[in-house]
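Residues per chain, in single letters:
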Amino acid sequence: MIELKQRVILLNKIHLFSGLKEDQLAGIAGKFDEVEEPAGKVIFKRGDKPEGFYVIFKGRVNVTRPRDAKGDEVIIWLVGGDYFGEEALVENRNRSATITAVE
C-alpha cells in the first residue's frame, strides 16, 4: 500500500493540484482508492461513462483510439506521475479513448 505521505508528494507534482497546501493534498490523497491492475487489463473503453479519475503511481498505460478497420492506434503512453480520466468527469461526457494497463 502506498503511504499517505507518498501520495501527497505525487499529487503535489501534478499541476491540477498546484497551489494546494499539504493538508489539503493529504485530504484528497486519503480519498483515493489504490488499485493494482495487471498488464493487458482494460481500465476503461472509449464510450464508457466516466466513473473516476486516475493517477499512476507506478507502471504504464497506453491510450488508444480507433484508427481504421485494422485496429486501434496508440495515442500516448502514460507513466508514473501522469493522470487520466479527468476530462470526461469535468465535461460530463463519455470516455474519448481506451486505457489499457501495460505494466
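Relevant structure appears above.
This report concerns the structure included in the present document.

Let's shift gears to the nonpolar core. In this structure, Phe44, Ile56, Val61, Val63, Leu78, Phe84, Ala97 and Ile99 together form the largest nonpolar core, which totals eight residues. For Val61, the residues in contact, after removing those within four places along its chain, are Ile43, Ile56, Ile76, Trp77, Leu78, Phe84, Ile99, Thr100, Ala101 and Val102.

On to the packing of aromatic side chains, then. Within this structure, the stated rule accounts for five aromatic pairs. Measuring from centroid to centroid gives 5.8 Å for Phe53 and Tyr83, while their planes differ by 45 degrees, and the two rings are tilted. Taken together, the residues span a long stretch of sequence, with Phe53 in the loop between strand S1 (42-44) and strand S2 (54-55) and Tyr83 in strand S5 (residues 83-84) at a distance of 30 residues. A residue is classified by how much of its surface remains accessible, and Tyr83, at 19% relative accessible area, is buried. Measuring from ring centre to ring centre gives 4.9 Å for Tyr54 and Phe84, while their planes differ by 5 degrees; the resulting arrangement is stacked. Pair noted here: Tyr54 is in strand S2 and Phe84 is in strand S5, with a separation of 30 residues, a long-range link. The class of Tyr54 is partly exposed, set by a relative accessible area of 27%. Its relative accessible area of 6% is what places Phe84 among the buried residues. Every member of this aromatic cluster is reached through a ring pair, and the members are Phe17, Phe53 and Tyr83. Lying across the ring of Trp77, Arg60 places its NZ or CZ 4.4 Å from the centre.

Turning to its location among the elements, Arg7 is positioned in helix H1 (residues 4-12). A distance of 3.4 Å separates the side chain of Arg7 from the backbone oxygen of Ile2, its partner in a polar contact. A polar side-chain atom of Arg7 sits 3.2 Å from the main-chain carbonyl oxygen of Phe32. In this view, Arg7 contacts Met1, Ile2, Ala29, Phe32 and Glu34; residues no more than four positions away in its chain are not counted.

All right, on to H1 then. All of the buried residues in H1 are Arg7, Val8, Leu10 and Leu11. End-on view of H1: buried residues confined to an arc of 160 degrees, all on one side of the axis. Packing partners of the buried residues in H1 comprise helix H2 (22-29) and S2.

Next up on the list: the pattern of salt bridges. Overall, the coordinates contain four salt bridges when judged by the stated rule. Residue Glu34 is joined to Arg7 by a salt bridge in which the shortest nitrogen-to-oxygen separation is 3.1 Å. Placement of the pair is Glu34 in the loop between H2 and S1 and Arg7 in helix H1, with a sequence separation of 27 residues. Take Arg7: its relative accessible area is 11%, and that puts it in the buried class. Residues participating in the shared-partner salt-bridge network are Glu87, Glu91 and Arg93.

What counts and how
Numbers given to residues run from 1 along each chain, matching the order in which its sequence is written. Residues qualify for local features only when their pLDDT is at least 70, as the model is predicted, and side-chain atom pairs are given and counted only at 80 or more; totals for whole chains, interfaces and linings, by contrast, use all residues. Values shown for side chains rest on all heavy atoms present in the structure; no hydrogens or waters enter the calculation. The definition of a nonpolar core used throughout is a set of buried Ala, Val, Leu, Ile, Met, Phe, Trp, Tyr and Cys residues joined through side-chain atoms within 4.5 Å. Residue burial is assigned from relative accessible area. The probe radius is 1.4 Å, only protein chains are included, and a residue is buried under 20% of its type maximum, exposed over 50%, and partly exposed in between. Pairs of residues are marked as contacts when any of their non-hydrogen atoms sit within 4.5 Å. Aromatic contacts are taken between Phe, Tyr and Trp rings whose centres are within 6.5 Å, Trp giving its six-membered ring; a plane angle under 30 degrees counts as stacked, one over 60 as edge-to-face, and the others as tilted. Numbered from the N terminus, helices here are DSSP runs of H or I no shorter than four residues, and strands are runs of E no shorter than two. Here, over-ring charges are defined by two tests on the NZ atom of lysine or the CZ atom of arginine: distance to the ring centre within 6 Å, and angle to the ring normal within 35 degrees. In protein, a polar contact requires one atom able to donate a hydrogen and another able to accept it; more generally it is a pair of N or O atoms within 3.5 Å, and residues adjacent in sequence count only if both atoms are side-chain atoms. Directions from the helix axis toward the C-beta atoms define the arc. A pairing counts as a salt bridge when a side-chain nitrogen of Lys or Arg comes within 4 Å of a carboxyl oxygen of Asp or Glu.

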